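Structural characterization, general
One-letter residues, chain by chain:
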Amino acid sequence: MILLDQVVSRNEKTASRILAGEAVVLTPMDSKIHGFNETGSRIWELLADRPTLSEIVAHIHREFEVSQEQAQSDVIAFIEELVARGMVTLGQRSREG
Amino acid sequence: MAKTAKQGGASQEGVSRSGSWMQRLRAKAQANNIPLHVMLELTNHCNVWCRHCYISDRPPKGELTLDEFKGILDQLAEAGTLFLTLSGGEALIHPEFFEIAAYAREKGFSLTLFTNGTMITPRVADRLVELCPQRVEISLLGGLAATHDQIMQTPGSFERALRGARLLVERGVFVQIKTTWMRQNIEEAQQIQSLVEEVGAASFRGAYMVIHRRDGSTEVADMRATPEQLRAVARRAYERLGEKGIPPEPEPLTEEQRRETSPCGAGQSSCCIDSYGNVYPCAAIDTALGNLREESFVDIWGGSQELKKIRAIRIADLPECSACHLFMRCSRCAGLAKMETGSLLAASPQACIVAHAFEDFFQEKRCELQ
Ligand SMILES: C[S@@+](CC[C@H](N)C(=O)[O-])C[C@H]1O[C@@H](n2cnc3c(N)ncnc32)[C@H](O)[C@@H]1O
Ligand code: SF4
Ligand code: SF4
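This brings us to the overall build of chain B. Within chain B, the regular secondary structure consists of 13 helices and 10 strands. Taking 21 Å as the expected radius of gyration for a compact globule of 370 residues, we find that chain B reaches 21 Å, a close match to that expectation. By its C-alpha atoms, chain B is 60 × 55 × 50 Å across when sized along the principal axes. Counting over 370 residues, chain B shows a buried share of 52%. At a minimum sequence separation of 6, the contacts of chain B that also span at least 24 residues come to 71%. Of the roughly 16600 Å² of accessible surface on chain B, a fraction of 51% belongs to carbon and sulfur atoms. Once the 42 positive and 46 negative side-chain charges of chain B are each reduced to a mean point, those two points are 4 Å apart.

Take the confidence of the model for chain B next. When pLDDT is low, close inspection of the predicted coordinates is not appropriate. All names here are of chain B. Put simply, chain B has an average pLDDT of 93, and 95% of its residues get 70 or more. Here residues 1–8 is modelled with pLDDT under 50, and outside its nearest four sequence neighbours on either side it reaches 21 contacts, counting other chains as well. Of the two predicted TM-score estimates for the complex, the pTM is 0.93 and the ipTM is 0.90.

All names here are of chain A. Across the interface, helix α2 (residues 53–63) lies against helix α3 (residues 68–84) with an axial gap of 9 Å and an inter-helix angle of 125°. The orientation of α2 with respect to α3, classified from their angle, is oblique. Viewed along their axes, α2 and α3 form a crossing whose handedness is right-handed. Here Leu53, Ile56, Val57, Ile60 and His61 of α2 lie close against α3, whose contacting residues are Gln68, Ala71, Gln72, Val75, Ile76 and Ile79. Partitioning the contact of α2 with α3 into residue classes produces eight nonpolar, three polar and no charged.

On to the pattern of salt bridges. It is possible for side chains of opposite charge to pair when their charged atoms get near one another. Residues and elements named next belong to chain B. A complete count under the given rule lists 23 salt bridges over all chains for this structure. The closest approach of N and O atoms between arginine 166 and glutamate 198, which form a salt bridge, is 2.9 Å. Within this pair, whereas arginine 166 is found in helix α6 (residues 157–170), its partner glutamate 198 is found in helix α7 (residues 189–199), the two being separated by 32 residues in sequence. A residue is classified by how much of its surface remains accessible, and arginine 166, at 28% relative accessible area, is partly exposed. Glutamate 306 is paired through a salt bridge with lysine 309; the nearest N and O atoms lie 3.8 Å apart. Remark: lysine 309 and glutamate 306 occur in helix α11 (residues 305–312); sequence separation between them is three residues, near one turn of the helix. Overall, the relative accessible area of 29% leaves glutamate 306 in the partly exposed class. Through salt bridges that share partners, Arg135, Glu137, Lys178 and Arg205 make up one connected network.

What follows concerns the sheet that holds strand β10 (residues 290–291) of chain B. The strands that make up a sheet are held in pairs by hydrogen bonds between backbone atoms, and each pair lies either parallel or antiparallel. All names here are of chain B. Reading across from one edge, β7-β6-β5-β4-β3-β2-β8-β9-β10 is the order of the nine strands in this open sheet, with mixed pairing throughout. Each end of this open sheet is capped by a strand with a single partner; those strands are β7 (203–207) and β10. Here strand β3 (residues 83–87) pairs with strand β4 (residues 110–115) via four bridges, running parallel. Each residue of the ladder has a partner; that of leucine 86, found in β4, is leucine 113. Packed onto the sheet, helix α2 (residues 66–79) meets β2 (37–41), β3 and β8 (270–273) and runs at close to 175° relative to β2.

With that out of the way, let us pick up the site of ligand 3. Lining the immediate environment of ligand 3, one finds Cys321, Cys324, Phe327, Cys330, Arg332, Ala347, Ser348, Ala351, Cys352 and Ala355 of chain B. Of the residues in the shell around ligand 3, the class split is eight nonpolar, one polar and one charged.

Taken together, the residues surrounding ligand 2 are Cys46, Val48, Cys50, Cys53, Arg58, Gly89 and Asn116 of chain B. Residue composition of the shell around ligand 2, by class: four nonpolar, two polar and one charged.

On to helix α4 (residues 122–130) of chain B. Residues and elements named next belong to chain B. When α4 is considered as a whole, its buried residues turn out to be Val124, Ala125 and Leu128. Viewed along the axis of α4, the buried residues span an arc of 100°, placing them on a single side of the element. Exposed positions of α4 whose direction lies more than 90 degrees from the buried face are Arg123 and Glu130. Looking at the buried residues of α4, the elements they touch are α3 (97–106), β4 and α6. Downstream of α4 by one or two residues, cysteine 132 has phi in the positive range, about 45°.

The next point concerns the side chain of glutamine 229 of chain B. Residue and element names in this part refer to chain B. Relative to the elements of secondary structure, glutamine 229 occurs in helix α8 (residues 227–241). Note on glutamine 229: relative accessible area 10%, which makes it buried. Setting aside residues up to four positions removed in sequence, glutamine 229 forms contacts with Arg183, Ile186 and Glu187.

The rules behind each value
- In every chain, residue numbers begin from 1 and rise along the written sequence.
- Throughout, the order in which chains and ligands are written sets their labels, letters from A for the former and numbers from 1 for the latter.
- Under the rules for a predicted model, residues below a pLDDT of 70 receive no local features and side-chain atom pairs below 80 are neither given nor counted, while totals for whole chains, interfaces and linings still include all residues.
- By convention in this description, side-chain values take in all heavy atoms of the structure and omit both hydrogens and water.
- For the purposes of this entry, the term helix denotes a DSSP run of H or I that reaches at least four residues, the term strand denotes a run of E that reaches at least two, and both are numbered from the N terminus.
- The quantity called the radius of gyration is restricted to C-alpha atoms. Its globule counterpart is 2.2 Å times the number of residues to the power 0.38.
- Categorising residues by exposure relies on relative accessible area from a 1.4 Å probe, with only protein chains included: less than 20% of the type maximum marks a residue as buried, more than 50% marks it as exposed, and the intermediate range marks it as partly exposed.
- Residues count as neighbours in contact if any of their non-hydrogen atoms are within 4.5 Å of one another.
- Areas reported as accessible are Shrake-Rupley estimates using a 1.4 Å probe. Residue values count occlusion only from the protein chains shown.
- Charged-residue counts in this description rest on Lys and Arg as positive and Asp and Glu as negative, His and the chain ends being excluded.
- By convention, charge coordinates are those of NZ in Lys, CZ in Arg, CG in Asp, or CD in Glu.
- pLDDT gives the predictor's per-residue confidence on a scale running from 0 to 100.
- Axis definition: a line fitted to C-alpha atoms, limited for helices to the stretch in contact. Angles are taken between N-to-C directions and run from 0 to 180 degrees.
- Angle categories are assigned with fixed cut-offs, so that under 35 degrees is roughly parallel, over 145 is roughly antiparallel, 65 to 115 is roughly perpendicular, and the rest are oblique.
- Definitions for this section: a left-handed crossing has its near helix turned counterclockwise from the far helix by less than a right angle. A right-handed crossing has that turn clockwise.
- Gly counts as polar in this scheme, as do all residues outside two lists: the nonpolar Ala, Val, Leu, Ile, Met, Phe, Trp, Tyr, Cys and Pro, and the charged Asp, Glu, Lys and Arg.
- Think of a salt bridge as a Lys or Arg side-chain nitrogen and an Asp or Glu carboxyl oxygen that are within 4 Å of each other.
- Two strands are said to pair when DSSP picks up at least two bridges between them.
- For each residue, the test is whether any non-hydrogen atom lies within 4 Å of the molecule or strand; if one does, the residue is near.
- The arc under discussion is defined with respect to the helix axis, by the directions toward the C-beta atoms.

Structure representation (structure tokens):
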């Protein structure tokens with residue numbers, strides 16, 4: 001199960017770029033190319049800083065004018081999808097950093 | 001209303017069979033002036049000495065430093081480049097290859113490596129795997145060791161290239177074997193095909209255009225396959241596959257295609273940077289658009305008048321080719337056309353020879369079969 005204090009990191013094997021506002025992500029593990037919508041792209045962009053799920057939710061809630069609940073369920077669903085596709089990994093924030 | 005992540009948050013498609021996705025990406029890159037694909041030449045040095053090689057200055061002097069490469073990669077990431085091809089010369093001979101490549105991966109680029117494969121030992125293969133390259137393209141210049149080694153002018157290079165390919169395939173890397181067809185090797189297509197299968201490479205590509213050297217010398221022209229040899233390739237396809245080996249008659253160009261379509265991708269959403277920092281519309285067009293030691297990438301990509309002219313070229317601007325019924329079948333290279341004739345808009349005599357050798361044979365067969 002996904003916990004809100006877990007840190008989300010991009011899988012280091014992926015290659016990606018935000019092109020005209022849209023994230024394009026390549027996963028060499030399965031030779032696939034993925035495109036995200038506006039919110040998905042923003043989340044992918046945020047992942048560069050290895051945020052926790054709650055930090056992502058806070059950004060989406062604020063930037064996309066959706067309710068906290070809506071943002072939370074959308075973000076969790078999206079991150080679960082990325083985990084399933086092997087594009088991100090979940091971890092704990094180390095105490096030092 | 002704001003879109004949420006859940007509403008079709010992610011869509012995906014296989015890169016290898018993602019024609020439509022790549023087309024969409026390319027169209028988007030063109031519309032937004034994004035250099036989606038960049039070929040970066042790390043060095044002109046090489047450990048072998050191919051007779052046909054277009055690189056002419058060896059040993060090179062005053063090539064870019066590690067810091068300069070990093071600065072260029074920063075600029076390319078900023079400009080939106082996603083696909084980065086590292087080439088040369090032989091990129092793997094560069095003492096800082098792995099530092100440059102690792103930096104590129106950190107910056108999010110999808111990496112392709114062009115190499116002669118001869119320097120890929122188990123240790124190098126392990127380090128390449130760590131970079132998660134999208135693909136590695138290895139040059140094989142003959143189906144027989146003697147032919148390959150003679151073209152590369154290096155005994156043992158055939159075995160080493162194949163070993164390199166095997167080591168990468170074993171480690172799950174997407175390997176493409178690549179052959180530049182020449183008078184010396186075109187009759188070994190069958191052996192090359194068997195080697196590609198034996199090694200387990202994911203794909204194979206052969207190229208018929210042999211371009212002139214960058215110093216303008218034209219002696220490599222003598223290495224090109226003869227029209228008779230090309231015709232024999234077509235004949236073998238026919239003998240092997242029968243009617244299926246004969247492609248349908250080439251489609252004529254529509255008015256819209258003539259008016260709207262660029263004849264090739266050079267400078268549209270891709271470019272090439274050599275090991276001195278010169279930016280070119282592609283590896284074969286010898287007009288430098290600017291130098292990254294003097295100007296920023298964005299200034300060259302957005303400001304070069306030469307590049308604007310190249311981007312504006314449409315098929316209709318090519319006097320001979322726009323009227324040619326073989327256009328859709330022809331592998332004309334604008335850079336080679338310029339080397340041969342002085343004009344980026346001219347027909348390329350070499351491309352004409354290749355296109356006609358194949359099509360004339362197929363046309364005769366079509367008539368016979370009717
Ligand atoms: C210049 S090499 C650099 C990468 C690497 N050293 C290799 O040989 O694969 C890139 C590709 O260009 C091809 N090539 C070299 N000289 C050429 C020429 N004059 N015309 C066409 N292709 C050429 C090579 O065979 C190789 O496939
Ligand atoms: S291996 Fe590549 S760079 Fe080296 S001489 Fe041959 S074609 Fe040129
Ligand atoms: S290069 Fe020659 S064969 Fe090719 S399209 Fe132009 S005229 Fe036709």
